[in-house]
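Descriptive structure summary
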Amino acid sequence: MSKIKPFDISEQVVREAYERVRANRGAAGVDDETLADFEEDLERNLYKLWNRMSSGSYFPPPVRVVEIPKESGGKRKLGIPTVSDRVAQMVVKMYLEPSLEPHFHPDSYGYRPGKSAIQAVGMARERCWRNDWVLDLDIKGFFDNLDHEQVMRLVRRHTDSRWIQLLIERWLKAPAQARDGTLSERNRGTPQGGVISPLLANLYLHHAFDEWMQRTCPTIPFERYADDVIVHCRSEKQARWMRRNIERRLAEFKLELHPEKTKVVYCKDSDRRKEHPNVKFDFLGFEFRPRRSKSRWGKLFVNFSPAVSKKAIKKMNQAMRSWRLHLRSDKTLEDLSRMFNPILRGWVNYYGSYYKSALYLVLRHLDRILVKWAMRKYRKLRGHKRRATQWLRSIAKKEPKLFAHWQMRPRSTVG
């Protein structure tokens, strides 16, 4: 059978795209097909997808809408594509991303190879030390408000590949399916949860913001992670001027700043003593604010720096409660370590990057849960909290590598 198709798409790239989707896992879409279901007839499913994409006959199914609570209240809508559609989106991403990457700004950190959130936090930290003021931008409903005509104009500007243009346009228009099966047409936005959405979001904001900043305000630094943006300014006047100009610029791309959440912040420290109503901001799970620090010579001073935010601590506490760890008396301490250490290690590696002591509150909470677990599991410890605490402390001393968080703080905090 001839494999000559209107569009030249590599079968090998389709397979590599599937492997990446498989590594990322993810929930089922509107067809309720899981990764395991897809893999039951893997070769046929991949061939069918390649065949349809190469012939131009691939039309994406609706995205399944899932609502999750927002930190600020209300609900955020995620659009979950089917497994097959995630593979198709990954194929387009693998072809398109290499041609976009060279154009992107070095201070765009979100969803890019070789870039990370912790790099953005570190750069923001350094620039807060060098600049007195920050403009903390909040773009109102960014993913829900991308203008489809603008997106396609930018896509065509960067690629003349007809099949990539065709598929992206179809994804933008694919309807959303609610829990009750109701379909709703979409005339703007790109669903959060889609594989291609972060790349389209970066392309959009590169032209709406990054490239414009580089062209019009080259001396004013910023960090952007997707739609989270921090701009560093030398004065309050400059920060307010930047806000007005950025607001006008984003309006050209049919975006608007959230009037309450966008704010000017004073980076107060020992040398900056001016009073201002805003002296802190959150960025990528860290709260930047004045903090007491100790110099290398042991002298105390106030430093404007990041540490794990209250919102992030709340999320971690909620996650630990959801484990119901204290009820798992059928497990050994080693079992619990294997089950939860990957998550703990991720928290420690990320939030422990700056101002580790702020994590102690979370760590003590987990150790208290482990004490409850020990009291439930071992008869000799039942009703004896102090004895259970001492027992756990002795384990931490003998085997500090058993739990990731035991290696980065004083053992006396156990319990």
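Note that the structure is predicted; figures quoted are calculated from it, not measured.

Considerations on the overall build of the protein
For the protein, the helix and strand inventory stands at 13 helices and 11 strands. Each of the three principal axes of the protein carries a C-alpha extent, and together these read 75 × 60 × 35 Å. Looking at the 415 residues of the protein, the share that counts as buried comes to 50%. Counting only contacts in the protein whose residues sit at least 6 apart along the sequence, the fraction spanning at least 24 positions is 67%. When the accessible surface of the protein is summed, it comes to about 21600 Å², and 48% of that surface belongs to carbon and sulfur atoms. Averaging the positions of the 82 positive and the 49 negative side-chain charges in the protein gives two centres separated by 10 Å.

Re the pattern of salt bridges
By the definition in use, this model includes 22 salt bridges. Between Glu43 and Arg15 there is a salt bridge; the shortest N-O distance is 2.6 Å. Residue Glu43 is located in helix H3 (residues 42-55), and its partner Arg15 is located in helix H1 (residues 11-24); the two are separated by 28 residues in the primary sequence. Two residues, Asp41 and Arg44, come together in a salt bridge whose shortest N-O distance is 4.0 Å. Connected through shared salt-bridge partners, Lys280, Glu287, Arg289, Arg291 and Lys310 make up one network.

Remarks on the pairing of strand S1 (residues 63-69)
As defined by bridge partners, S1 adjoins strand S4 (residues 176-177) across two bridges and the pair is classed as parallel. Considered in S4, the bridge of Arg64 is made with Gln177. Relative to strand S2 (residues 75-80), S1 runs antiparallel, the two being bridged by six bridges. For Glu67, the partnering residue across the bridge sits in S2 and is Lys77.

Structural notes on a negative patch on the surface
Together, Asp31, Asp32, Asp37 and Glu40 line one region of the surface with negative charge. By the element assignment, Asp37 lies in helix H2 (residues 35-40). Relative accessible area serves as the criterion here: at 32%, Asp37 is assigned to the partly exposed category.

Details of a positive patch on the surface
On the surface, Arg364, Arg368, Lys372 and Lys385 cluster together to form a positively charged patch. Examining the composition of the positive patch, we find that three residues originate from one element, helix H12 (residues 360-377), more than from any other. With respect to the helices and strands, Lys385 occurs in helix H13 (residues 385-398).

Rules used in this analysis
Residues numbered from 1 in each chain as written. Predicted model: local features only at pLDDT ≥ 70, side-chain atom pairs only at ≥ 80, totals over all residues. Heavy atoms only, no water. Helix = DSSP H or I, 4+ residues; strand = E, 2+ residues; numbered from the N terminus. Buried < 20%, exposed > 50% of the residue type's maximum accessible area, 1.4 Å probe, protein only. Contact = heavy atoms within 4.5 Å. Areas by Shrake-Rupley, 256 points an atom, 1.4 Å probe, with all protein chains shown as cover. Lys, Arg positive; Asp, Glu negative; His and termini not counted. Charge placed at Lys NZ, Arg CZ, Asp CG, Glu CD. Salt bridge = Lys/Arg side-chain N within 4 Å of Asp/Glu carboxyl O. Pairing = 2+ DSSP bridges. Patch = residues over 30% accessible without salt bridge, like charges linked within 9 Å, V, L, I, M, F, W, Y side chains within 5 Å.

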